[in-house]
Amino acid sequence: MASLCHRACNRWTSLRVFGLLFSSNPEVKVMPAASYSLHPPTGAGGHRCFLVQKRWRLTHFSFSSSAPGSPPSEEADSVQFVDNSPLQNTKHNQGRTELSAPDDSLLPIVFDDVPLPSVFEEISDEEALHIEASPPLPPTSFTLRDYVDRSETLTKLVLLGVDLSKLQKRPNVANMLLRLDFDRDVKDRLLFLKDVGVEEELLGAFLTRNPFILTEDLENLQKRVQYLQSKKFSTAAISRMVSGAPYLLNFSVERLDNRLGFYQKELGLSTQKTRDLVIRLPKLLTGSLEPVKENLRVCRIELGFRENEIQQMVTCVPKLLLASKSKVTRLFDYLHNTMGIPHHLITKFPQAFNAKFLRIKDRHLFLQHVGRAQYDPSQPNYIPLDKLVATPDDVFCVTLAKAMLSDFETFQKTL
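Residues numbered from 1 in each chain as written. Predicted model: local features only at pLDDT ≥ 70, side-chain atom pairs only at ≥ 80, totals over all residues. Heavy atoms only, no water.

Draft legend 1. Structural context of the packing of helix 7 (residues 182–196) against helix 9 (residues 218–230). Following both chains from N to C, one finds helix 7 and helix 9 inclined at 10°, their axes separated by 11 Å at the closest point. One way to sum up the angle between helix 7 and helix 9 is to call them roughly parallel. Residues Asp188, Arg189, Phe192 and Val196 of helix 7 form the contact with helix 9, whose participating residues are Leu218, Leu221, Gln222 and Val225. Classifying every residue of the contact of helix 7 with helix 9 gives 5 nonpolar, 1 polar and 2 charged. (Axes fitted to C-alpha atoms, helices over the stretch in contact; angles between N-to-C directions. Helix = DSSP H or I, 4+ residues; strand = E, 2+ residues; numbered from the N terminus. Parallel < 35°, antiparallel > 145°, perpendicular 65-115°, else oblique. Contact = heavy atoms within 4.5 Å. Nonpolar A, V, L, I, M, F, W, Y, C, P; charged D, E, K, R; others polar.)

Draft legend 2. View of the pattern of salt bridges. Scanning all chains against the criterion turns up 14 salt bridges. Between Lys231 and Asp257 there is a salt bridge, and its shortest N-O distance comes to 3.9 Å. Of this pair, Lys231 sits in the loop between helix 9 and helix 10 (235–244) while Asp257 is found in helix 11 (residues 253–267), placing the two residues 26 residues apart along the sequence. Overall, the relative accessible area of 36% leaves Lys231 in the partly exposed class. Take Asp257: its relative accessible area is 35%, and that puts it in the partly exposed class. Overlapping salt bridges bring together Glu294, Arg297, Glu302 and Lys325 as one network. (Salt bridge = Lys/Arg side-chain N within 4 Å of Asp/Glu carboxyl O. Buried < 20%, exposed > 50% of the residue type's maximum accessible area, 1.4 Å probe, protein only.)

Draft legend 3. Summary view of helix 7. With 15 residues, helix 7 extends 20 Å from end C-alpha to end C-alpha; this agrees with the ideal 21 Å at 1.5 Å per step. Considered for burial, the residues of helix 7 that qualify are Phe182, Asp185, Val186, Arg189, Leu190, Phe192, Leu193 and Val196. Of the surrounding elements, those touching the buried residues of helix 7 are helix 4 (152–160), helix 6 (173–179), helix 8 (203–209), helix 9 and helix 10. Where helix 7 starts, the residue carrying a side-chain oxygen 3.3 Å from the main-chain nitrogen of Asp183 turns out to be Asp181. (Expected span 1.5 Å × (residues − 1). Polar contact = N/O pair within 3.5 Å; in protein donor to acceptor, adjacent residues only side chain to side chain.)

Draft legend 4. Region of interest: the packing of aromatic side chains. In this structure the tally under the stated criterion is 7 aromatic pairs. Where Tyr334 meets Phe357, the ring centres are 5.3 Å apart and the plane angle is 80°; that geometry is what we call edge-to-face. With Tyr334 in helix 16 (residues 325–338) and Phe357 in helix 18 (residues 357–369), this pair connects stretches of sequence that are 23 residues apart. Ring centres of Phe366 and Phe408 lie 5.0 Å apart, and the angle between their planes is 65°; on these two criteria the pair is classed as edge-to-face. Placement of Phe366 in helix 18 and of Phe408 in helix 21 (residues 405–413) is noted, with a sequence separation of 42 residues between them. You'll find Phe366 and Phe408 in the same group, each marked buried. Taken together through their ring pairs, the aromatic side chains of Phe366, Phe396, Phe408 and Phe411 make up a single cluster. Directly above the ring of Phe357 sits Arg330, whose terminal nitrogen or CZ lies 3.9 Å from the centroid. (Phe/Tyr/Trp six-rings, centres within 6.5 Å; stacked < 30°, edge-to-face > 60°. Lys NZ or Arg CZ within 6 Å of the ring centre and 35° of its normal.)

Draft legend 5. Structural detail: the nonpolar core. Membership of the largest hydrophobic core comes to 48 residues, with the highest contact counts inside it found for Tyr263, Phe353 and Phe396. Considering every element that reaches this core, the biggest residue donor is helix 16, with 5 residues. Once residues within four sequence positions are removed from consideration, Tyr263 is found in contact with Gly268, Leu269, Leu277, Leu284, Leu289, Val292 and Leu321. Counting residues in each nonpolar core, the second largest holds 42 residues, with Ala174, Phe182, Leu214 and Phe251 among its members. (Core = buried A, V, L, I, M, F, W, Y, C linked by side-chain atoms within 4.5 Å.)

Draft legend 6. Geometry of the packing of helix 9 against helix 11. Remark: helix 9 packs on helix 11, axes separated minimally by 10 Å, with the N-to-C direction vectors making an angle of 30°. With respect to helix 11, the axis of helix 9 lies roughly parallel. Our pair here, helix 9 against helix 11, has a crossing hand that is right-handed. Only Val253, Leu256, Asp257 and Leu260 of helix 11 make contact with helix 9, whose side of the interface consists of Lys223, Arg224 and Tyr227. When its residues are assigned to classes, the contact of helix 9 with helix 11 shows 4 nonpolar, no polar and 3 charged. (Left-handed = near helix turned anticlockwise from the far one by under 90°.)

Draft legend 7. Main features of a negative patch on the surface. Side chains of Glu121, Glu122, Glu126 and Glu127 sit close together on the surface and give a patch of like negative charge. On the basis of relative accessible area, Glu121 is assigned to the partly exposed category, the value being 48%. (Patch = residues over 30% accessible without salt bridge, like charges linked within 9 Å, V, L, I, M, F, W, Y side chains within 5 Å. Areas by Shrake-Rupley, 256 points an atom, 1.4 Å probe, with all protein chains shown as cover. Lys, Arg positive; Asp, Glu negative; His and termini not counted. Charge placed at Lys NZ, Arg CZ, Asp CG, Glu CD.)

Draft legend 8. Up close: the environment of Thr286. By the element assignment, Thr286 lies in helix 13 (residues 283–286). As a C-alpha pair, Thr286 and Tyr247 span 39 residues in sequence and 6.5 Å in three-dimensional space. The residues contacting Thr286, other than those within four sequence positions of it, are Ala245, Tyr247, Leu248, Phe251 and Arg259.

Draft legend 9. Here's a closer look at the side chain of Asp185. Relative to the helices and strands, Asp185 is located in helix 7. Relative accessible area serves as the criterion here: at 12%, Asp185 is assigned to the buried category. With near-sequence residues (within four places) excluded, Asp185 lies in contact with Arg179, Leu180 and Leu214.

Draft legend 10. Region of interest: unusual backbone geometry. Phi at Asn381 takes a positive value of approximately 60°, unusual for a residue other than glycine. Of note, Asn381 is situated in the loop between helix 18 and helix 19 (385–390). When its relative accessible area of 47% is taken as the criterion, Asn381 is described as partly exposed.

Here it is, written out as structure tokens:
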């Protein structure tokens, strides 16, 4: 059977070469694979010769034209092909068939781009196992954690120090952040904040408190800074105000002007004192005016302070305008009605309204216990209000109460 196949191989009836494209140019442009087929001879034995596929590789780039259908010549300057068939028949192995593995270097060269696979193309199970598919984004989620790895904006905000766990609890903030593009919406505003004076290491905390500045028009933000500059706020003052009150630049120029006018009119302050007031406590420009109006009414009507006394206390302790009404009235009642300290002495040291009620009460009772509760400046052993409130326990005991710290601590246990 093998010798019959070899005899059949030597009697070619036809040669078909596919894929060669000839042109008038003597250079070959495309070199796909070539193959030829064997037609089985009809003989007495009735044996069939199976079709053998041949692979050829173009080894020279110039050719001489030949008659169609004839095998290519092996002369110089001709198209040469290298036989890479699994069935080899040479002078050394006549009469037998030897199987040889195809050489990868002799495979045809393909110049055309490989088309992308269709999404409808069927693949084998083995190919499917090698496909790495990212999990789809959830249509709804209660946390921004599912989107951080897919969003450049969220990734860079995290690197800046923004606390997304706090922002996702606020209504509509998470959806707003997901719609932002870092280059289009975020980058220029970060550079603006840095130019205004917000320190780089504080940008994360700033955006955590006020992420809505990322949606503000950049031109409007610049106008608000220019307004503050026109009111003679220094660069350092603007930087302090913006850092202390992140929502300051979200307010329009008209609203900022109305706030400054309100404090100047209600407190009767000069322009410079008004500037100093809001620089020390910029939240006065961004917070609600209702607690401010309520505290001013309490100080005037319920506590009985005069206008000049209120002005003095507020310029010394601006937090008094935003303090809790109940805390202010409770402290004043104890200082004035229980300890007997008059208005003008409280006005000289309004920091007493920032102190803890129990601290003042414990020290006053201990001074009464040791017989040194004297708050009248005209009397001997006078105890100033500022020292009563601000000094540490050990200093209070030694300099004011003239007692041991252990005695004061033992007395506190009896209260």
